[in-house]
Amino acid sequence: MTIRLSRRSFAAAGSLLPIACSQAGRSGLATAAAPSAAPLAVNPLVRQRADAQVFRHEDGWYYMTGSVPEYDRLVLRRSRTLAGLSTAEERVLWRHQARGPMSGFLWAPELHFVDGRWVMYFAAGPSGGGEDVFRIRTYAIVCDGADPMTGDWTVLGQFQAPWDSFNLDSTIFTHKGVRYFSWAQREAGIDTNSNVYIAPMKDALTLAAAPARLTVPTLDWEVRGFKVNEGSAFLVKNGQVFMTYSASATDARYCLGLLSIDENANLMDPRAWTKSQQPVFVTCRETSVYGPGHNSFTVDEQGRDILVYHGRDYEAIAGDPLFNPDRHTRIQRLYTDARGNPNFGVPVGNGPLPERFTPAVRRNVMLAHEGERLLIGNAPLPQTQFRSLSFEDGSVQLSPILKPGHRLVASAEGSVTLVAMDTSSVGPGADRFRRMAGPGGTVQFISQAFEGRALAHSSDKVRLAQATDAASTWLAD
Ligand code: AHR
């Protein structure tokens, strides 16, 4: 089967949507008071920036770049906090050329500090129209100074790919002293749009060895709309190297896959990598995030892992999804499971970042819910994530990410239940709490309706207790 040059020309069978959740949801709109030194980020972090790269550099700045809807310029912003990226000034570093191989689409930029210089890699194509616009190759621009936000940027050159074909979504990471380049590329003889490769680098634009092909789209959730593996990103954690990548069409079927390898193994040996047979991060109707993908990894101000990705907050798209502007940059905590592997959960949805709450005196359980039933126990990650929605009077509501239309409501007899927001039978202040800092980094949620009483755990239930009761102290994570 021959594939026309157009990246989007290949149509594969199957149009089912890998979905993490099953119901439509609403977004929480209030923002929570910052429970810690850094302001609490709110999703979407940055609207209409796809393929986002966010990283915290040794200079203490968070840098962020990504694809703009017009695909006509390379942009950069920075902030001292993750939340600050939402409103940070964005600088245009470079615009596509008037003609030639870099006069069309500019996709998926990434900023890296290579051999003492700031280098921004990106995919670009010509503007000749027709299928030629998908004649996409990887290029780089370089900054003439130490500050990427103020220096002058000029073309460094083209990435010397091992063969000449459609290639994009490059990234760089260093492991055990070796700097690797990873990218997506079409390969003759493999009927896919793109596969993911890795190779050690010789310098900013050339490889030191032939590449290893790490993943080819073959599984059903990788070939929906288009046979695509792209957007690789790397995380080293708990003795393993994890590589995420994105698969399928850029509509609601777009999702993340995962490869893993022992950190001491040979990264250039494709057989040493284990490929997850299921996607690890997919559309979630309950939180209203569609097509999550093209991720990067960073850490928050407390050094905790953060997943950066793009996603839309609606499903239906008119026309080619590639030209829909609403792939917004989103972030969320990246937790790990009992075996130390990343637990991606579900895309958490619009609103302030959620947290998990563990009773300070009972660390092996959490606040959770099963449908509309609140509980204290162990549950899948998404059922333990609650966002604090803050109000003018300083009070907060606690709302589960999977049921954004519900919040915790207390009663005079001490019960605490999940009640739909549009339920008018809730007494004044029964769904409002004051989030107070407790001893040893704990938090308490003091009821606004029932003086001196606070959210507490009681066996496998959530109840009100005296605010002096240790059962009313929680650890937020
Ligand atoms: O967002 C533009 C391109 O679309 C990116 O390079 C790729 O990751 C996605 O498929």
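Residues numbered from 1 in each chain as written. Predicted model: local features only at pLDDT ≥ 70, side-chain atom pairs only at ≥ 80, totals over all residues. Heavy atoms only, no water.

Identification of the protein chain as GH43 family beta-xylosidase from Novosphingobium chloroacetimidivorans is taken from an unreviewed UniProt entry. As its UniProt record puts it under Sequence similarities (unreviewed entry), the protein chain is described as follows: "Belongs to the glycosyl hydrolase 43 family." (UniProt positions renumbered as here; feature names shortened; annotations may be inferred.)

J.: Sorry if this is basic, but what is going on with the nonpolar core here?
T.: Most often, soluble globular proteins have nonpolar side chains that are buried together. Ranked by size, the top nonpolar core spans 20 residues in total, and within it Leu 408, Phe 445 and Leu 455 carry the most contacts. Elements that contribute at least two residues to this core include exactly β27 (373–377), β29 (396–400), β30 (406–410), β31 (416–420), β33 (443–447) and β35 (461–466). (Core = buried A, V, L, I, M, F, W, Y, C linked by side-chain atoms within 4.5 Å. Buried < 20%, exposed > 50% of the residue type's maximum accessible area, 1.4 Å probe, protein only. Helix = DSSP H or I, 4+ residues; strand = E, 2+ residues; numbered from the N terminus.)

J.: Looking at this structure, I do not really get the side chain of Gln 383. What am I missing?
T.: Structurally, Gln 383 is set in the loop between β27 and β28 (386–390). Excluding residues within four positions of it along the chain, Gln 383 makes contact with Leu 367, Ala 368, His 369, Glu 370 and Leu 402. (Contact = heavy atoms within 4.5 Å.)

J.: Even after reading the chapter, I still don't get the pairing of strand β15 (residues 229–237), so can you show me in this structure?
T.: The side chains of a regular strand alternate, first on one face of the sheet and then on the other. Counting buried positions along β15 yields seven of nine residues, so the element is predominantly enclosed. Examined bridge by bridge, β15 and strand β16 (residues 240–247) share seven bridges and lie antiparallel to one another. Following the sheet pairing, Lys 237 is matched in β16 by Gln 240. Where β15 hands over to β16, the hairpin turn is made up of two residues, of which Asn 238 adopts a positive phi near 50°. (Pairing = 2+ DSSP bridges.)

J.: I'm lost on the packing of aromatic side chains in this one. Help?
T.: On inspection of all chains with the given rule, the structure shows 25 aromatic pairs. Where Phe 159 meets Trp 183, the ring centres are 5.1 Å apart and the plane angle is 70°; that geometry is what we call edge-to-face. You can see Phe 159 sitting in the loop between β9 (153–158) and β10 (167–175) and its partner Trp 183 sitting in strand β11 (residues 178–185), a full 24 residues away along the chain. A relative accessible area of 0% means that Trp 183 is categorised as buried. (Phe/Tyr/Trp six-rings, centres within 6.5 Å; stacked < 30°, edge-to-face > 60°.)

J.: For this particular structure, what's the right way to read the sheet that holds strand β18 (residues 274–275)?
T.: Two pairing modes exist for strands in a sheet, parallel and antiparallel, and in both the strands are linked by backbone hydrogen bonds. Pairing in this open sheet of four strands is antiparallel, and the strands run β15-β16-β17-β18 from one edge to the other. Among the strands making up the open sheet, the edge pair consists of β15 and β18. Summarising the sheet, strand β17 (residues 255–262) and β18 pair through two bridges and their orientation is antiparallel. Counterpart to Ser 260 in the pairing with β18 is Thr 274.

J.: For this particular structure, what's the right way to read the sheet that holds strand β20 (residues 305–312)?
T.: Here three strands make up an open sheet; going across it, the order is β19-β20-β21 and the pairing antiparallel. Because the sheet does not close on itself, it has two edges, and the strands there are β19 (290–299) and β21 (328–333). Neighbour-to-neighbour, the strand axes of the sheet open up by a mean angle of 30°, direction not taken into account. As judged from the six bridges shared by β20 and β21, these two strands associate in the antiparallel manner. Residue Leu 307 lies in a different strand from β21, and its bridge partner there is Gln 332. (Axes fitted to C-alpha atoms, helices over the stretch in contact; angles between N-to-C directions.)

J.: In this structure, what is going on with the side chain of Thr 358? I would like to understand it.
T.: Note on placement: Thr 358 falls in strand β25 (residues 357–359). Not counting chain neighbours up to four residues away, the residues in contact with Thr 358 comprise Arg 363, Val 365, Met 366, Thr 473, Trp 474 and Leu 475.

J.: Got a minute to help me understand the environment of Asp 164 in this structure?
T.: Residue position: Asp 164 is located in the loop between β9 and β10. Accessibility expressed as a relative area gives 54% for Asp 164, which makes it exposed. In this structure, Asp 164 is in contact with Arg 135, Arg 137 and Gln 185, ignoring residues within four places of it in sequence. At 3.4 Å, the side chain of Asp 164 forms a polar contact with the side chain of Arg 135. Among the polar contacts made by the side chain of Asp 164, one reaches the side chain of Arg 137 at a distance of 2.7 Å. (Polar contact = N/O pair within 3.5 Å; in protein donor to acceptor, adjacent residues only side chain to side chain.)

J.: Sorry if this is basic, but what is going on with the domain arrangement of the protein chain here?
T.: How big an interface is tends to be reported as the loss of accessible area on association of its parts. Segmentation of the protein chain into domains returns domain 1 (42–352) and domain 2 (357–476). Taking the mean C-alpha position of each, domain 1 and domain 2 sit 37 Å from one another. At the interface, 13 residues of domain 1 touch nine residues of domain 2. Between domain 1 and domain 2 the total buried area reaches about 860 Å² when both faces are included, carbon and sulfur atoms providing 58% of it. Three residues, Glu 286, Val 348 and Pro 352, lead the burial of domain 1 against domain 2; their summed loss comes to 50% of the area buried on that side. Joining domain 1 to domain 2, the criterion identifies four residue pairs in polar contact (both at pLDDT 80 or more). In terms of residue class, the side of domain 1 that touches domain 2 is built from six nonpolar, six polar and one charged. (Domains from an automatic or database assignment. Buried area = accessible area lost by both parts, 1.4 Å probe. Nonpolar A, V, L, I, M, F, W, Y, C, P; charged D, E, K, R; others polar.)

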